[in-house]
Every structure is written in structure tokens, then in C-alpha cells.
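Architecture and fold: a report
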Amino acid sequence: MAVRKTIYFFFVPGLLLYAIFFLYPTLSGFYNSFTDWDGMSDTSGFVGLDNYKTVADSIIFKKAIGNNLRFMLSVVVVQTLVSLIVALLLTKNKKTTVALRALYFFPTILSSAAVGFIAAYVYDPNLGLLNELLRMLGLSALANNWLGNPSLAIYSIAAIQAWAHIGQMAILFIAGLHAIPEELYEAAKLDGGGKWAIFRRITWPLLAPAATIVVAYTTIQSFKAFDLIFVTTRGGPNYATEILSTYIYSAAFQNYKFGQASAASIYFLFIIAFITFLQFRALRANRVSY
Amino acid sequence: MLKKYSFPAAIFLLLALILAACGGNGGNASSNTVSSGNSGAGKPVEISFIHWQGDVPVWNEIIKDFEQENPGIKVSMQTFPSEQYQTTAQVKLLDGSVGDVFASFPGAQFESIAKAGLYTDLTNEAFVQSFVPELIKSGAKDGKQYALPYSLVYNIPVYNVGLFEQYNLSPPKDWDSFLAASETLKSNGIIPIAFPGADIGPGQFMNPMMMNNAPDEEVFQKLEKGETKLTDEWWTTTLSQFKELNDKGYFQPDSLGTNTDAAIALFSQGKAAMLATGSYSIAAVLKASPDLKLDLLAPITVPADQAIYEGIHTTTFMLGVNSKSKHPEEAKAFISYLSKKEVAGKVANAANQNIPVKDIEYTSPALQVISGWADKKTRFQPRYLITNIEIQKAVTGSIQAVIAGDSAEGAAGSAQAIVDQQLKP
């Protein structure tokens, strides 16, 4: 019993940090979502579900959800596919593996804000590198107003978000690939299996756990994206890149409506939980074991 | 069973008690008892000064001089990026541990700080008399002077006088001549207006564009009371004029993707004749191209005889004393020092910004460019009079919408829908 008590004692620091930095803010945010607190005043009034109704009716909140879903889908598809391809290439090519892994991993050491600043300069329609490059390659027709065109801006930022995290996701896939027993590939080759058949019947099904983590992580990461959007477009032009995190930031720290921001955060939490749940179910259904 | 969980439950309860002791939702902050004076024997009182002018080394000099003149007071300065400051200053001021003296923006931030009771009333302080009375109204509310603006800027385009002279153009006096001048510049391969539509452009250029379309200085206050709408003529006319400038190619191509630095580069390189920002850009332009001859001009969007205002001014960087400060007298002493014309002049010429303190001698080249504007009929920046940020964003968003291709009426209607939601009780 004494040993057990000692074990519990070692939990205390972690539990304390968890309680202070997660549990308390979460519960506090939940409580604030039922008040009209402005973030500064000494007093606040209980307003029941008013904040939830106001947020649900908000034109900007609805735009933010739509933009967030578009952003998330683009990032998940591009980031998962490209990082899988990069992982496969890096695992096969033994000679250049270390150098290439370092190269692909490089963007992940940059902060999102730094990536955003770089992206804003690269995307600048008049002086930016991307349009200049396209013009040099004779592809002037593809030159665009990447961040200023309301129908394109969210995808331009999604491309940067995906680029910045491909190395990180590729490493998860590489770990998954290393966990697949080599004997399975040898047996498949002996049975005359082609590259595509081997990938479809062995690699992909056995990568399902890694893919589940990559997709879930990418979903959460792209839903939470804030600094990249804030640095590049601040949610503009005309709300074209407004997402849930920028909406919440604006409501809390610019408009001083902490109650509404807290209600939006609770919606945010449920949306992420629901999407992640669906993804886990879908990907778990595809899982196999040999 | 109960015994099995008793120890973890006890730990959790302990945590809950600790949190409860620390907690309360920000709304339970206790107010400090204000004391002043040099509390420790021989030990100087330290006051905190927070603001957003991080790139101005003159502040260190000023503080050093102040400390020499006031050996009982030490000033600890912290600066933040202006974007960060705009959103988090209030939270920092709440417990009184930082920001005995603090800077604030006019408009939404001033209103929210005043509402939270974080300003000390400075109305009867002698140093208020050092300021130009008409230029400190942005720091006043309900007849009380809560903050003293320490920066005066003109939010109207900077123009390249040399390029205008080259094409025999003078600052246009009405909308038709503004369009004609723009056409002349465009037909000679010059971008008439470098417009940073990706960031500050809409929020800056909207001010001179609307100043004579809606000469009522309370128009945005009325919008926030529901007494006027963005779908009314004053705003749809402004939007259609923005659209006209864009559709005629008087902004650089893809202006909504152009940020401030890129717009300044276009202007500094002589590729654009006007820069739709404000007087605060002059120093950066002169740094890049010291030989450029510059001045300011505002687009006059109405016939000349109907023009009431010649431009826009903003008094910002408003200095206040935190009502939760433990050292209010020392904080006031610091502001009093900054209010001296010699000290204010030193800051002004080093930081290339006008300061609304009386009788300052401006010697910096950037400030000499705008010296004549103090005598012109300018009005306070209308955008800063919008206190709800979502309404402010809807207004500037409607400008981006017309530049992206929407009709003036459609963009105004969409923006008004957001305004209507914000006005719901």
C-alpha cells in the first residue's frame, strides 16, 4: 500500500500541470461560455445559451466553418499523399536517405509565423518569387493573385501548411514502413506480386495505424492553424480565409466578447472531436493484420 | 471500493482547492489600494512603461534623462509588436503589475480600457495644458481626459511631387480631376496608386475616400446605433468609387495580394505616383529613396465646392496611467516629463512622428514634408471611431469585396448583414 501511495505521489506534478494548463482553462472556458464576460470587467452576468445561439447564427462563424473544412480537406489530402510518397521514396533509396530526410524535415523546424512571412513574400503578385518563376518558365497564364483572390487564398495557405509539415508526417510513415516485416514483401515477390499489388495488399493495409495518426494529427493541426493565416491574410480578403481559430481570436481579443469566443471554442472542440471520431472509425475499418 | 480511490480523490481535491484559490475568471480581480511615493528608504520606485514603439531607441535616452532628473524613480520599459499590443494590453494591465504608464490606441481599445476602468483621470493635471486641446480629444470621454495622444499622423496618400510635376499635375481638387490625373499617370506607364490591399490599405484609404461623402463626423457612431446603414448612399458611393479606381486600373494589378512593404517598394522605386497609406510611411520611403520629393494629398471624392475636409489625422499612442498602479504619482511625473516641448521634440524628430504637444520644433526631413498639414482642415480618422471590431472588419471587407469584383450594392448589403448581427442586443 505504501508503494502504491508513493506511485500516486509521483503523479502529482504531472497532474498539477495538467490541471492548471488544461483542465482549469477548459472548465473556465466552459463556464465563461454561459456569461457575457468581456475579458476584463470585474463582473459578468449569466446569459444561459445566448452565446451559443449568437455564435451559431453568426454569418462570420458559418463562413469560418466552411473555410476551415475546405482548408482541412485540402491539407489532409495533400499532406497525407505527398508525405506517403516522400516516405516511400526515402525508404527505398538508401544512398540519399539521410540527406533527403534532413531536407524534407527542414521546414518543420521553422515556426508557422516564419513560414507565413516567407509565404507572403513568395506569393506577392507583383514582386513574389512564385509568379516570377512561373513567368520565367513560360507559364505566365498560371501566375495568380495567390493570397488576394478570395476564391484561391485559402488553398494557397493550405499548400503552405501542407508543405511545412510534410517532413513531420513522412517520418511517421517511415516509422510505419519500418514496422512492416520484410518477409511479407519477400513472400509477395516469390508469389509474383507486382509493385502496385504489393503496395495495395501489404504496405497500405499495414500502414493503416500510421495513416490514422497522420490523418487525425493533420486534421487537428489544420483546424487549429492560426499563425499562418494571421501572418499571411489576417482572415481576409473579405473573410475568405477566416477560420474558427481566427474567429475565436477576434471575438476574444479584439472585440472583447469572451463569452461568445468561449462558446465558439466549445463548438470548435465538438467539431474536431466528431471529425476525428469519424476518421478513426473509417481508417480502423481498413486495418488488417497478418 | 471507496477506500481504493480515497487517496487519488484526496489528491484531486487538493488540486481543486489550489485551483480555486488561484482561480476566479478574470472577473474577480481585486482592486489595488493606490499608494504613492518613494516607499523604500533610498530605494527608487520602479514604474513600468509598456508600449509598441519597439524600433525607437530614443526612448532609452529619454528614460535615462528622466531617471537622472528624478533619482527616486526608475522606469522599466517593455515594448510589444503593435498587433500583439492591440489585443493583449488590457489583460496585462488588469493586475497592475505592469503598465503604470501605458500607451493605447484610440477607438475600440480606448473604449474597452475606459469601460474596464483602467484609466486614471488626468483632467486636472497641469501637464495636460502642454498639449494642443483639439488634438487630444481621442483620449477624452464623458468630459474627462483619460489619455494623452503622443503621436499625430495623417492617414492620406503620400505622393511623388517629382512625378506629378513631370506630367504637369497638381493635387486634384475634385473627383473628376483625381480620375483625370490618375489616367494621365497610367497612360504614361506609372501606377497611379500603390494600394496595399492585403493588409492596411482598405483601413487607411477608406478614410479620405469617405470623408467628404459622409461629412458627418458621427456617421460610424450612428452606424453602431443603427441610425444609418452601409447600404445608404454615403457608403455605396464610396464603394463604387473604390471600384471605379480598381476597374480603371488605377491601383497596381492584384492589389488585394499586395502588402505594405511591397506597396512602399513600388512607390519608392518611382513605379507608383501615390502610396495609399499615410504620413507614417514617409520615413520608410525616404530611407529607400532619400532624393524623392514628397507631400500628402487626399482624394476629393465630391465636386470641389462640396468638399469640406482636406484630409485625415489620427492622434494615437495615447499615454495613460493605470488605475491599478501602485505608483500613480510617479507615473504622472513621467508623463509630465514627456509633455515638455523639448522632450517631445526629441522623440518626434527621432521617431519621425508629429506629437500634439504645443510649440515643438520639427527638424527631421520626414516631418518637414508634412509641416503645412497642421493648418489644413482635417478630420479624425473615421475608422477609429468604429468601436466594434467586427463592424470595422465588415466595413473594410466590403472594400475588398468590390475590388474582388462584387457590386457596390452587393458588398454593402453583405457588410450590413454582419453589422445588423453585431447590433443585436
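What counts and what doesn't
- Residues numbered from 1 in each chain as written.
- Chains lettered and ligands numbered in written order.
- Predicted model: local features only at pLDDT ≥ 70, side-chain atom pairs only at ≥ 80, totals over all residues.
- Heavy atoms only, no water.
- Helix = DSSP H or I, 4+ residues; strand = E, 2+ residues; numbered from the N terminus.
- Buried < 20%, exposed > 50% of the residue type's maximum accessible area, 1.4 Å probe, protein only.
- Contact = heavy atoms within 4.5 Å.
- Areas by Shrake-Rupley, 256 points an atom, 1.4 Å probe, with all protein chains shown as cover.
- Core = buried A, V, L, I, M, F, W, Y, C linked by side-chain atoms within 4.5 Å.
- Salt bridge = Lys/Arg side-chain N within 4 Å of Asp/Glu carboxyl O.
- Phe/Tyr/Trp six-rings, centres within 6.5 Å; stacked < 30°, edge-to-face > 60°.
- UniProt positions renumbered as here; feature names shortened; annotations may be inferred.
- Buried area = accessible area lost by both parts, 1.4 Å probe.
- Polar contact = N/O pair within 3.5 Å; in protein donor to acceptor, adjacent residues only side chain to side chain.
- Nonpolar A, V, L, I, M, F, W, Y, C, P; charged D, E, K, R; others polar.
- Pairing = 2+ DSSP bridges.
- Axes fitted to C-alpha atoms, helices over the stretch in contact; angles between N-to-C directions.
- Parallel < 35°, antiparallel > 145°, perpendicular 65-115°, else oblique.
- Left-handed = near helix turned anticlockwise from the far one by under 90°.
- pLDDT = per-residue confidence, 0-100.

A few words on the overall build of chain B. A count of helices and strands for chain B gives 16 helices and twelve strands. Per-residue burial over chain B gives 55% buried out of 425 residues. A fraction of 77% describes how many contacts in chain B between residues 6 or more apart in sequence connect residues 24 or more apart. Accessible surface, chain B as shown: approximately 17400 Å² in total, 51% of it carbon and sulfur.

So, on to the nonpolar core. All names here are of chain B. Among the nonpolar cores identified, the biggest contains 86 residues, and Tyr85, Tyr150 and Phe334 are the most heavily contacted of them. When sequence neighbours within four positions are dropped, the list of residues in contact with phenylalanine 334 reads Ile47, Phe49, Ile63, Phe66, Val75 and Val101. Among the nonpolar cores identified, the runner-up in size contains 75 residues, and Tyr250, Leu256, Leu297 and Ala412 belong to it.

Now for the pattern of salt bridges. Here the structure, examined in full by the defined rule, presents 15 salt bridges over all chains. For aspartate 57 of chain A, the salt bridge is made with lysine 53 of chain A, and the minimal N-O distance between the two is 3.1 Å. Here the residue aspartate 57 of chain A and the residue lysine 53 of chain A both occupy positions in helix H2 (residues 50-57), the gap between them amounting to four residues, near one helical turn. Each of Glu61, Asp65 and Lys346 of chain B takes part in salt bridges that share partners, so that together they form one network.

Residue and element names in this part refer to chain A. This model, assessed by the stated rule, comprises 41 aromatic pairs over all chains. With a centroid separation of 5.3 Å and an interplanar angle of 55 degrees, the aromatic rings of phenylalanine 61 and tyrosine 247 are classed as tilted. Taken together, the residues phenylalanine 61 in helix H3 (residues 59-92) and tyrosine 247 in helix H12 (residues 244-254) connect sequence positions 186 residues apart. Each member of the pair, phenylalanine 61 as well as tyrosine 247, carries the same accessibility label: buried.

Under the UniProt annotation, the feature "transmembrane region" (unreviewed entry) is placed at residues 7-27, 71-90, 102-123, 152-181, 202-220 and 264-283 of chain A. The span residues 264-283 of chain A shows a helical share of 100% and a strand share of 0%, and its end C-alpha atoms are spaced 28 Å apart.

On to unusual backbone geometry. Glycine 236 of chain A connects to proline 237 of chain A through a cis peptide bond whose omega is -5 degrees. Here the phi dihedral of asparagine 238 of chain A falls at roughly 50 degrees; this positive angle occurs in a residue that is not glycine. In this fold, asparagine 238 of chain A is placed in the loop between helix H11 (227-232) and H12. Even without glycine at this site, aspartate 142 of chain B takes up a positive phi of about 50 degrees. Mapped onto the fold, aspartate 142 of chain B is located in the loop between strand S4 (140-141) and strand S5 (144-145).

Listed per partner, the contact involves 46 residues of chain A and 49 residues of chain B. Summing both sides of the interface, chain A and chain B together bury roughly 4200 Å²; the carbon and sulfur share of this comes to 58%. At the boundary of chain A with chain B, the tally comes to two salt bridges. Between lysine 393 of chain B and glutamate 242 of chain A there is a salt bridge whose closest N-O contact spans 3.4 Å. Between the two partners, chain A and chain B, sit 14 residue pairs in polar contact (both at pLDDT 80 or more). Of all elements in the fold, only helix H1 (2-32), H3, helix H5 (112-123) and H12 of chain A reach the threshold of two or more residues within the side of chain A that touches chain B. When residues of the side of chain A that touches chain B are assigned to their parent elements, the largest contribution, eleven residues, is made by H1 of chain A. A breakdown of the residues in the side of chain A that touches chain B according to their chemical character gives 25 nonpolar, 13 polar and eight charged.

Moving on to the sheet that holds strand S8 (residues 191-194) of chain B. All names here are of chain B. What the four strands build is an open sheet, ordered S8-S9-S7-S10; its pairing is mixed. A strand with exactly one partner marks an edge of an open sheet, and here the two such strands are S8 and strand S10 (294-296). Across the sheet, the axes of successive neighbouring strands diverge by a mean angle of 30 degrees, strand direction being ignored. Bridge count for strand S7 (residues 158-160) against strand S9 (residues 272-275) is two bridges, and the pairing is antiparallel. Counterpart to tyrosine 159 in the pairing with S9 is methionine 274.

Residues and elements named next belong to chain B. Within the secondary structure, asparagine 349 sits in helix H13 (residues 341-351). Here threonine 363 takes part through its backbone nitrogen, which lies 2.7 Å from a polar atom of the side chain of asparagine 349. If sequence neighbours within four positions are ignored, asparagine 349 has contacts with Glu361, Tyr362, Thr363, Ser364 and Leu367.

Right, let's talk about the packing of H3 of chain A against helix H7 (residues 153-178) of chain A for a bit. Residue and element names in this part refer to chain A. In the contact formed by H3 and H7, the axes pass within 6 Å of each other and the chain directions differ by 40 degrees. Between H3 and H7, the crossing angle belongs to the class labelled oblique. The way H3 lies across H7 gives a crossing that is right-handed. Across the contact of H3 with H7, the residue classes tally to 20 nonpolar, nine polar and one charged.

Residues and elements named next belong to chain B. For chain B, per-residue confidence averages 88 on the pLDDT scale, and residues scoring 70 or more make up 90% of the total. Overall, residues 1-40 carries pLDDT values under 50, and its contacts beyond four positions in sequence, including any with other chains, amount to 53 contacts. With a pTM of 0.84, the predicted complex shows an ipTM of 0.82.

The next point concerns the confidence of the model for chain A. Across chain A, the average pLDDT comes to 87, with 96% of residues at or above 70. The secondary-structure element of chain A with the lowest mean pLDDT is helix H4 (residues 97-105) of chain A, recorded at 71, while H2 of chain A shows the highest, at 95.

The subject of this paragraph is the environment of lysine 346 of chain B. Residue and element names in this part refer to chain B. Along the polypeptide, lysine 346 turns up in helix H13. Since its relative accessible area comes to 32%, lysine 346 is described here as partly exposed. Note: C-alpha distance between lysine 346 and isoleucine 300 (46 residues apart in sequence) is 34 Å. In contact with lysine 346, other than residues within four places in its own chain, are Val58, Glu61, Ile62 and Asp65. Within the structure, the side chain of lysine 346 is placed 3.2 Å from the side chain of aspartate 65, a separation counted as a polar contact.

In the contact formed by H12 of chain A and helix H15 (residues 389-404) of chain B, the axes pass within 10 Å of each other and the chain directions differ by 125 degrees. Viewed along their axes, H12 of chain A and H15 of chain B adopt a mutual orientation that is oblique. Contacts between H12 of chain A and H15 of chain B involve Ser250, Ala251 and Gln254 of chain A on the former and, on the latter, Ile389, Glu390 and Lys393 of chain B. When its residues are assigned to classes, the contact of H12 of chain A with H15 of chain B shows two nonpolar, two polar and two charged.

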